[in-house]
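One-letter residues, chain by chain:
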Amino acid sequence: MTEHRSPETDTAQPSLAQRAGERFTAYRDGEPEAMGQLVELLTPLLWQVARAHGCAAHAAEDVVQEVWLRLVDHVDDIREPLAVLGWLVVAVKREAWRDGRAARRSTYDETGTVDPGAVDEDPESLAILTERQRTLWAAVGELPDRCRVLLRLVAFVDRPDYDQVSTALGMPRGSIGPTRGRCLDKLRRSLAADPRWVDA
Amino acid sequence: MIATDTATGPFDSTDEAVLRELRETAARLDPCPADLAERVKFALTVQALQAEVAQLTSQPELVSRTSATQEPAEATTVTYSTESLSIMVSVSREGAGRTRLDGWVTCGPAEVELDQGEHGVRRATADEDGRFVLADLPRGLAHLLVRPARGRPVVTPQFTL
(Lines give C-alpha, C1' and ligand atoms only; values in the text may rest on other atoms or scores of the structure.)
Protein backbone atom coordinates (compact mmCIF):
# COMPACT_ATOMS: atom_id res chain seq x y z
CA MET A 1 0.00 0.00 0.00
CA THR A 2 2.66 2.53 -0.93
CA GLU A 3 0.03 4.74 -2.59
CA HIS A 4 -1.66 5.39 0.71
CA ARG A 5 0.22 8.25 2.31
CA SER A 6 -0.82 11.19 4.39
CA PRO A 7 -0.39 14.56 2.66
CA GLU A 8 2.43 15.51 5.07
CA THR A 9 4.62 12.59 4.13
CA ASP A 10 3.77 12.41 0.46
CA THR A 11 7.15 12.90 -1.16
CA ALA A 12 5.55 13.02 -4.61
CA GLN A 13 3.97 16.34 -3.67
CA PRO A 14 6.38 19.10 -4.73
CA SER A 15 7.45 21.36 -1.86
CA LEU A 16 6.95 25.11 -1.85
CA ALA A 17 10.55 25.67 -3.00
CA GLN A 18 10.07 23.15 -5.82
CA ARG A 19 6.85 24.74 -7.01
CA ALA A 20 8.51 28.15 -6.85
CA GLY A 21 11.53 26.88 -8.80
CA GLU A 22 9.25 25.40 -11.43
CA ARG A 23 7.38 28.72 -11.92
CA PHE A 24 10.69 30.60 -11.97
CA THR A 25 12.04 28.33 -14.70
CA ALA A 26 8.84 28.78 -16.72
CA TYR A 27 9.20 32.55 -16.43
CA ARG A 28 12.81 32.44 -17.55
CA ASP A 29 11.82 30.23 -20.46
CA GLY A 30 9.47 32.90 -21.76
CA GLU A 31 6.18 32.45 -19.90
CA PRO A 32 5.55 35.95 -18.47
CA GLU A 33 2.46 34.99 -16.42
CA ALA A 34 4.58 32.51 -14.43
CA MET A 35 6.05 35.49 -12.54
CA GLY A 36 2.56 36.46 -11.38
CA GLN A 37 1.99 32.91 -10.15
CA LEU A 38 5.32 32.98 -8.32
CA VAL A 39 4.30 36.26 -6.67
CA GLU A 40 1.03 34.72 -5.48
CA LEU A 41 2.79 31.60 -4.24
CA LEU A 42 5.50 33.29 -2.16
CA THR A 43 4.19 36.72 -1.12
CA PRO A 44 2.45 35.40 2.04
CA LEU A 45 5.74 33.82 3.18
CA LEU A 46 7.75 36.96 2.36
CA TRP A 47 5.29 39.05 4.36
CA GLN A 48 6.02 36.84 7.37
CA VAL A 49 9.77 37.18 6.75
CA ALA A 50 9.52 40.99 6.78
CA ARG A 51 7.27 41.05 9.86
CA ALA A 52 9.37 38.50 11.76
CA HIS A 53 12.38 40.76 11.18
CA GLY A 54 10.70 43.75 12.74
CA CYS A 55 9.15 45.68 9.86
CA ALA A 56 6.06 47.74 10.63
CA ALA A 57 3.11 46.66 8.51
CA HIS A 58 3.40 49.46 5.98
CA ALA A 59 7.17 49.03 5.67
CA ALA A 60 6.72 45.27 5.22
CA GLU A 61 4.56 45.87 2.17
CA ASP A 62 7.20 48.17 0.65
CA VAL A 63 10.00 45.73 1.43
CA VAL A 64 8.21 42.79 -0.17
CA GLN A 65 7.36 44.79 -3.28
CA GLU A 66 10.90 46.14 -3.59
CA VAL A 67 12.38 42.65 -3.43
CA TRP A 68 10.08 41.31 -6.15
CA LEU A 69 11.11 44.16 -8.45
CA ARG A 70 14.73 43.34 -7.73
CA LEU A 71 14.24 39.65 -8.47
CA VAL A 72 13.11 40.45 -12.00
CA ASP A 73 16.32 42.43 -12.53
CA HIS A 74 18.41 39.54 -11.19
CA VAL A 75 16.77 36.65 -13.00
CA ASP A 76 20.01 35.71 -14.75
CA ASP A 77 21.99 35.66 -11.50
CA ILE A 78 19.94 32.81 -10.08
CA ARG A 79 21.46 29.68 -11.55
CA GLU A 80 19.55 27.15 -9.49
CA PRO A 81 15.76 27.67 -9.76
CA LEU A 82 15.19 25.64 -6.58
CA ALA A 83 17.12 28.35 -4.72
CA VAL A 84 14.77 31.17 -5.68
CA LEU A 85 12.84 30.83 -2.41
CA GLY A 86 16.02 31.19 -0.38
CA TRP A 87 17.16 34.14 -2.53
CA LEU A 88 13.92 35.95 -1.81
CA VAL A 89 14.00 35.19 1.93
CA VAL A 90 17.57 36.54 2.20
CA ALA A 91 16.68 39.64 0.18
CA VAL A 92 13.62 40.43 2.32
CA LYS A 93 15.57 39.82 5.52
CA ARG A 94 18.32 42.25 4.47
CA GLU A 95 15.87 44.87 3.26
CA ALA A 96 13.96 44.52 6.54
CA TRP A 97 17.13 45.11 8.54
CA ARG A 98 17.93 48.19 6.48
CA ASP A 99 14.43 49.46 7.04
CA GLY A 100 14.70 48.70 10.76
CA ARG A 101 17.89 50.74 11.08
CA ALA A 102 16.25 53.66 9.27
CA ALA A 103 13.14 53.41 11.44
CA ARG A 104 15.21 53.39 14.65
CA ARG A 105 17.08 56.50 13.48
CA SER A 106 13.87 58.38 12.83
CA THR A 107 11.93 57.26 15.89
CA TYR A 108 12.95 58.61 19.24
CA ASP A 109 12.38 56.06 21.96
CA GLU A 110 13.94 56.66 25.34
CA THR A 111 13.53 53.07 26.46
CA GLY A 112 15.39 51.86 23.38
CA THR A 113 12.92 49.05 22.95
CA VAL A 114 11.23 50.08 19.74
CA ASP A 115 9.98 47.02 17.95
CA PRO A 116 8.01 48.22 14.97
CA GLY A 117 7.32 44.67 13.88
CA ALA A 118 5.61 43.72 17.09
CA VAL A 119 2.18 42.36 16.48
CA ASP A 120 -0.54 44.31 18.17
CA GLU A 121 -1.05 42.09 21.16
CA ASP A 122 -3.84 43.90 22.90
CA PRO A 123 -6.59 41.66 24.25
CA GLU A 124 -8.84 42.54 21.34
CA SER A 125 -6.50 41.26 18.62
CA LEU A 126 -5.61 38.19 20.64
CA ALA A 127 -9.32 37.48 21.00
CA ILE A 128 -9.44 36.14 17.45
CA LEU A 129 -7.17 33.30 18.57
CA THR A 130 -8.20 30.16 20.38
CA GLU A 131 -6.85 29.62 23.91
CA ARG A 132 -4.44 27.07 22.49
CA GLN A 133 -3.18 29.51 19.85
CA ARG A 134 -2.71 32.28 22.44
CA THR A 135 -0.66 29.87 24.53
CA LEU A 136 1.42 28.87 21.52
CA TRP A 137 2.02 32.48 20.46
CA ALA A 138 3.12 33.44 23.96
CA ALA A 139 5.49 30.44 24.13
CA VAL A 140 7.02 31.32 20.75
CA GLY A 141 7.45 34.91 21.95
CA GLU A 142 9.55 33.64 24.88
CA LEU A 143 12.06 31.90 22.60
CA PRO A 144 15.38 33.48 21.62
CA ASP A 145 15.00 35.71 18.54
CA ARG A 146 16.71 33.27 16.17
CA CYS A 147 14.36 30.47 17.17
CA ARG A 148 11.28 32.69 17.08
CA VAL A 149 12.07 33.75 13.50
CA LEU A 150 13.08 30.26 12.33
CA LEU A 151 9.93 28.59 13.61
CA ARG A 152 7.61 31.32 12.37
CA LEU A 153 9.03 30.96 8.87
CA VAL A 154 9.40 27.20 8.55
CA ALA A 155 5.74 27.03 9.57
CA PHE A 156 4.98 28.56 6.15
CA VAL A 157 7.05 26.19 4.01
CA ASP A 158 7.21 22.44 3.47
CA ARG A 159 9.57 20.11 5.26
CA PRO A 160 12.00 19.60 2.36
CA ASP A 161 12.50 23.40 2.40
CA TYR A 162 13.55 23.70 6.07
CA ASP A 163 17.28 23.59 5.27
CA GLN A 164 16.92 26.29 2.64
CA VAL A 165 15.08 28.54 5.09
CA SER A 166 17.59 27.84 7.89
CA THR A 167 20.49 28.71 5.60
CA ALA A 168 18.73 31.86 4.38
CA LEU A 169 18.38 32.94 8.02
CA GLY A 170 22.08 32.29 8.64
CA MET A 171 21.47 29.19 10.74
CA PRO A 172 23.14 25.85 10.12
CA ARG A 173 21.48 23.20 7.99
CA GLY A 174 19.67 20.74 10.19
CA SER A 175 18.61 23.46 12.65
CA ILE A 176 15.23 21.88 12.21
CA GLY A 177 14.56 18.55 10.47
CA PRO A 178 15.36 15.71 10.07
CA THR A 179 15.84 15.94 13.84
CA ARG A 180 13.61 18.15 15.93
CA GLY A 181 16.36 20.65 16.59
CA ARG A 182 16.87 22.94 19.57
CA CYS A 183 14.31 25.60 18.69
CA LEU A 184 11.37 23.30 18.27
CA ASP A 185 12.51 21.25 21.24
CA LYS A 186 12.51 24.34 23.47
CA LEU A 187 9.07 25.25 22.27
CA ARG A 188 7.71 21.74 22.87
CA ARG A 189 9.13 21.67 26.38
CA SER A 190 7.63 25.01 27.20
CA LEU A 191 4.25 23.92 25.84
CA ALA A 192 4.36 20.58 27.63
CA ALA A 193 4.79 22.46 30.90
CA ASP A 194 1.80 24.70 30.21
CA PRO A 195 -1.56 23.32 31.34
CA ARG A 196 -3.40 25.67 28.98
CA TRP A 197 -1.74 23.86 26.05
CA VAL A 198 -1.96 20.35 27.42
CA ASP A 199 -5.64 20.62 28.36
CA ALA A 200 -6.82 22.63 25.39
CA MET B 1 21.81 16.25 28.93
CA ILE B 2 18.17 15.48 28.46
CA ALA B 3 17.64 18.63 26.40
CA THR B 4 20.12 17.41 23.81
CA ASP B 5 18.50 13.99 23.71
CA THR B 6 15.06 15.25 22.74
CA ALA B 7 16.46 17.91 20.42
CA THR B 8 18.17 15.20 18.39
CA GLY B 9 15.04 13.07 18.33
CA PRO B 10 13.35 12.61 14.96
CA PHE B 11 10.94 15.29 13.75
CA ASP B 12 7.59 13.69 14.50
CA SER B 13 3.89 14.24 13.92
CA THR B 14 3.57 16.36 17.07
CA ASP B 15 6.24 18.69 15.69
CA GLU B 16 4.29 18.88 12.48
CA ALA B 17 1.09 19.66 14.38
CA VAL B 18 2.79 22.42 16.42
CA LEU B 19 4.12 24.09 13.27
CA ARG B 20 0.75 23.79 11.55
CA GLU B 21 -0.87 25.48 14.52
CA LEU B 22 1.84 28.18 14.50
CA ARG B 23 1.19 28.86 10.83
CA GLU B 24 -2.51 29.17 11.50
CA THR B 25 -1.85 31.50 14.45
CA ALA B 26 0.55 33.80 12.57
CA ALA B 27 -1.76 33.91 9.57
CA ARG B 28 -4.68 34.95 11.78
CA LEU B 29 -2.86 37.41 14.00
CA ASP B 30 -0.69 38.98 11.32
CA PRO B 31 -2.11 38.12 7.89
CA CYS B 32 -0.44 39.15 4.66
CA PRO B 33 -2.65 41.93 3.23
CA ALA B 34 -5.07 40.33 0.80
CA ASP B 35 -4.19 42.63 -2.08
CA LEU B 36 -0.42 42.71 -1.61
CA ALA B 37 0.28 40.12 -4.32
CA GLU B 38 -1.95 42.04 -6.75
CA ARG B 39 -0.11 45.28 -6.04
CA VAL B 40 3.25 43.57 -6.52
CA LYS B 41 2.11 42.21 -9.87
CA PHE B 42 0.97 45.66 -10.91
CA ALA B 43 4.34 47.15 -9.96
CA LEU B 44 6.09 44.42 -11.97
CA THR B 45 3.95 45.22 -15.02
CA VAL B 46 4.78 48.91 -14.77
CA GLN B 47 8.46 48.10 -14.45
CA ALA B 48 8.48 45.58 -17.30
CA LEU B 49 6.76 47.96 -19.72
CA GLN B 50 8.61 51.04 -18.49
CA ALA B 51 5.11 52.42 -18.39
CA GLU B 52 3.75 55.60 -16.93
CA VAL B 53 1.10 55.17 -14.27
CA ALA B 54 -1.95 57.32 -14.86
CA GLN B 55 -3.47 59.01 -11.82
CA LEU B 56 -7.13 59.16 -11.00
CA THR B 57 -8.18 62.70 -11.93
CA SER B 58 -11.93 62.53 -11.52
CA GLN B 59 -13.85 60.77 -8.81
CA PRO B 60 -16.18 58.00 -9.90
CA GLU B 61 -19.60 59.36 -10.71
CA LEU B 62 -22.80 57.71 -11.69
CA VAL B 63 -24.11 58.90 -15.02
CA SER B 64 -27.33 57.98 -16.75
CA ARG B 65 -26.98 56.91 -20.30
CA THR B 66 -29.57 56.20 -22.86
CA SER B 67 -28.76 53.22 -24.98
CA ALA B 68 -29.88 52.65 -28.53
CA THR B 69 -32.87 50.71 -27.28
CA GLN B 70 -33.97 53.68 -25.19
CA GLU B 71 -33.44 51.76 -21.97
CA PRO B 72 -31.64 53.97 -19.51
CA ALA B 73 -28.56 52.33 -18.13
CA GLU B 74 -26.40 53.42 -15.28
CA ALA B 75 -22.69 53.73 -15.79
CA THR B 76 -19.80 54.73 -13.58
CA THR B 77 -17.28 56.99 -15.21
CA VAL B 78 -13.75 57.81 -14.07
CA THR B 79 -10.81 59.55 -15.70
CA TYR B 80 -7.13 58.70 -15.36
CA SER B 81 -4.43 61.03 -16.63
CA THR B 82 -0.72 61.37 -17.23
CA GLU B 83 0.95 64.53 -18.48
CA SER B 84 0.55 63.39 -22.05
CA LEU B 85 -2.87 61.72 -22.18
CA SER B 86 -6.15 61.04 -20.43
CA ILE B 87 -8.16 57.84 -20.33
CA MET B 88 -11.86 58.00 -19.62
CA VAL B 89 -13.44 54.76 -18.53
CA SER B 90 -17.16 54.18 -18.34
CA VAL B 91 -18.34 50.90 -16.84
CA SER B 92 -21.90 49.63 -17.12
CA ARG B 93 -23.66 46.43 -16.22
CA GLU B 94 -24.75 43.97 -18.83
CA GLY B 95 -26.98 41.00 -18.15
CA ALA B 96 -25.92 37.80 -16.37
CA GLY B 97 -23.18 39.30 -14.23
CA ARG B 98 -21.31 40.70 -17.20
CA THR B 99 -19.90 44.16 -17.66
CA ARG B 100 -19.23 46.53 -20.54
CA LEU B 101 -16.45 49.06 -20.71
CA ASP B 102 -16.63 52.12 -22.96
CA GLY B 103 -13.32 53.90 -23.16
CA TRP B 104 -11.89 57.03 -24.65
CA VAL B 105 -8.24 58.03 -24.88
CA THR B 106 -7.03 61.49 -25.85
CA CYS B 107 -4.12 60.21 -27.94
CA GLY B 108 -6.20 58.98 -30.87
CA PRO B 109 -5.54 55.50 -32.23
CA ALA B 110 -3.92 53.15 -29.72
CA GLU B 111 -3.67 49.53 -28.76
CA VAL B 112 -5.57 48.87 -25.54
CA GLU B 113 -5.29 45.89 -23.20
CA LEU B 114 -7.58 45.17 -20.28
CA ASP B 115 -5.85 42.95 -17.72
CA GLN B 116 -8.32 41.08 -15.55
CA GLY B 117 -5.78 38.95 -13.71
CA GLU B 118 -6.96 35.37 -13.55
CA HIS B 119 -9.67 36.14 -16.13
CA GLY B 120 -6.99 36.95 -18.67
CA VAL B 121 -6.32 39.85 -20.99
CA ARG B 122 -8.75 41.35 -23.53
CA ARG B 123 -7.49 43.54 -26.35
CA ALA B 124 -9.11 46.35 -28.32
CA THR B 125 -8.03 49.09 -30.69
CA ALA B 126 -8.95 52.69 -30.03
CA ASP B 127 -10.15 54.35 -33.26
CA GLU B 128 -9.07 57.67 -34.76
CA ASP B 129 -11.15 59.47 -32.13
CA GLY B 130 -9.64 57.37 -29.36
CA ARG B 131 -12.82 55.38 -28.69
CA PHE B 132 -12.88 51.70 -27.82
CA VAL B 133 -15.36 49.21 -26.43
CA LEU B 134 -14.89 45.98 -24.52
CA ALA B 135 -18.14 44.11 -23.99
CA ASP B 136 -19.22 40.93 -22.20
CA LEU B 137 -16.53 41.14 -19.53
CA PRO B 138 -16.53 39.16 -16.29
CA ARG B 139 -16.82 41.33 -13.18
CA GLY B 140 -13.84 41.90 -10.95
CA LEU B 141 -10.65 43.91 -10.67
CA ALA B 142 -8.93 45.14 -13.81
CA HIS B 143 -6.47 47.66 -15.10
CA LEU B 144 -5.96 49.14 -18.55
CA LEU B 145 -2.78 49.35 -20.55
CA VAL B 146 -2.76 51.86 -23.39
CA ARG B 147 -0.04 51.79 -26.04
CA PRO B 148 -0.22 55.06 -27.96
CA ALA B 149 1.22 55.24 -31.48
CA ARG B 150 4.01 57.38 -30.01
CA GLY B 151 5.42 57.58 -26.52
CA ARG B 152 5.50 55.33 -23.48
CA PRO B 153 2.71 52.93 -22.64
CA VAL B 154 0.37 54.05 -19.88
CA VAL B 155 -1.23 51.86 -17.23
CA THR B 156 -4.14 52.78 -15.00
CA PRO B 157 -4.41 51.74 -11.36
CA GLN B 158 -6.79 48.89 -10.69
CA PHE B 159 -10.49 49.56 -10.81
CA THR B 160 -13.56 47.43 -10.32
CA LEU B 161 -15.66 46.23 -13.21
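What you see is a predicted model; the values in this text were computed from it and never measured. (Residues numbered from 1 in each chain as written. Chains lettered and ligands numbered in written order. Predicted model: local features only at pLDDT ≥ 70, side-chain atom pairs only at ≥ 80, totals over all residues. Heavy atoms only, no water.)

**Student:** Describe in detail the overall build of chain B, supporting the description with residues and values.
**Tutor:** Regarding its fold elements, chain B presents three helices and eleven strands. Ordered by position from the N terminus, the helices and strands of chain B form the series α-α-α-β-β-β-β-β-β-β-β-β-β-β. Every one of the 161 residues in chain B was classed for burial, and the buried ones make up 42%. Taking contacts inside chain B between residues at least 6 apart in sequence as the whole, the part at least 24 apart equals 46%. For chain B, the exposed area adds up to about 8700 Å²; of that, 51% sits on carbon and sulfur atoms. (Helix = DSSP H or I, 4+ residues; strand = E, 2+ residues; numbered from the N terminus. Buried < 20%, exposed > 50% of the residue type's maximum accessible area, 1.4 Å probe, protein only. Contact = heavy atoms within 4.5 Å. Areas by Shrake-Rupley, 256 points an atom, 1.4 Å probe, with all protein chains shown as cover.)

**Student:** Explain the interface of chain B and chain A to me, using residue names and the numbers behind them.
**Tutor:** If you look at the interface, chain B gives 37 residues, while chain A gives 49 residues. The contact between chain B and chain A buries some 3900 Å² in all, and 63% of this surface belongs to carbon and sulfur atoms. Contact with chain A buries surface across chain B, with B:Phe11, B:Leu29 and B:Asp30 losing the most and accounting together for 17% of the total. Here chain B and chain A share 25 residue pairs in polar contact (both at pLDDT 80 or more) between them. Breaking the side of chain B that touches chain A down by element, the ones donating at least two residues are α1 (2-7), α2 (13-29) and α3 (36-49) of chain B. With 15 residues, α2(B) is the largest single contributor of residues to the side of chain B that touches chain A. (Buried area = accessible area lost by both parts, 1.4 Å probe. Polar contact = N/O pair within 3.5 Å; in protein donor to acceptor, adjacent residues only side chain to side chain.)

**Student:** Give me the lowdown on the packing of aromatic side chains, citing residues and values where you can.
**Tutor:** Counted under the stated rule, the structure contains two aromatic pairs over all chains. Against the face of A:Trp197 rests A:Arg132, its NZ or CZ located 3.7 Å from the ring centre. (Phe/Tyr/Trp six-rings, centres within 6.5 Å; stacked < 30°, edge-to-face > 60°. Lys NZ or Arg CZ within 6 Å of the ring centre and 35° of its normal.)

**Student:** Please provide a residue-by-residue account of the pairing of strand β7 (residues 121-126) of chain B, values included.
**Tutor:** Residue and element names in this part refer to chain B. Sheet topology note: the strand β6 (residues 110-115)/β7 ladder contains six bridges and is antiparallel. Bridged to aspartate 115 within β7 is valine 121. In this antiparallel pair of consecutive strands, β6 and β7, the connection spans five residues, and glycine 117 shows a positive phi of 60°. (Pairing = 2+ DSSP bridges.)

**Student:** An account of the nonpolar core is needed here, citing residue identities and associated values.
**Tutor:** Counting 72 residues, the largest nonpolar core has A:Trp68, A:Leu151, A:Leu187 and B:Leu19 as its most contacted members. By residue number, the principal contributor to this core is helix α2 (residues 33-52) of chain A, which donates ten residues. Counting only domains with at least three residues in this core, you end up with domain 1 (13-118) and domain 2 (120-200) of chain A. Core analysis: the next-biggest nonpolar cluster, separate from the first, contains 23 residues, B:Tyr80, B:Ala110, B:Leu137 and B:Val154 among them. (Core = buried A, V, L, I, M, F, W, Y, C linked by side-chain atoms within 4.5 Å. Domains from an automatic or database assignment.)

**Student:** Go over the state of the cysteines, please, and point to the residues and values.
**Tutor:** Residues and elements named next belong to chain A. Summed over the entire model, instances satisfying the criterion amount to one disulfide over all chains. One disulfide bridge connects cysteine 147 with cysteine 183, the sulfur atoms lying 2.2 Å from each other. Its torsion about the S-S bond being -70°, the disulfide of cysteine 147 and cysteine 183 is classed as left-handed. Here cysteine 147 is found in helix α7 (residues 145-154), whereas its partner cysteine 183 is found in helix α9 (residues 181-192), with 36 residues between them in sequence. The pair cysteine 147 / cysteine 183 is uniform in exposure class, with both members buried. (Disulfide = S-S within 2.5 Å.)

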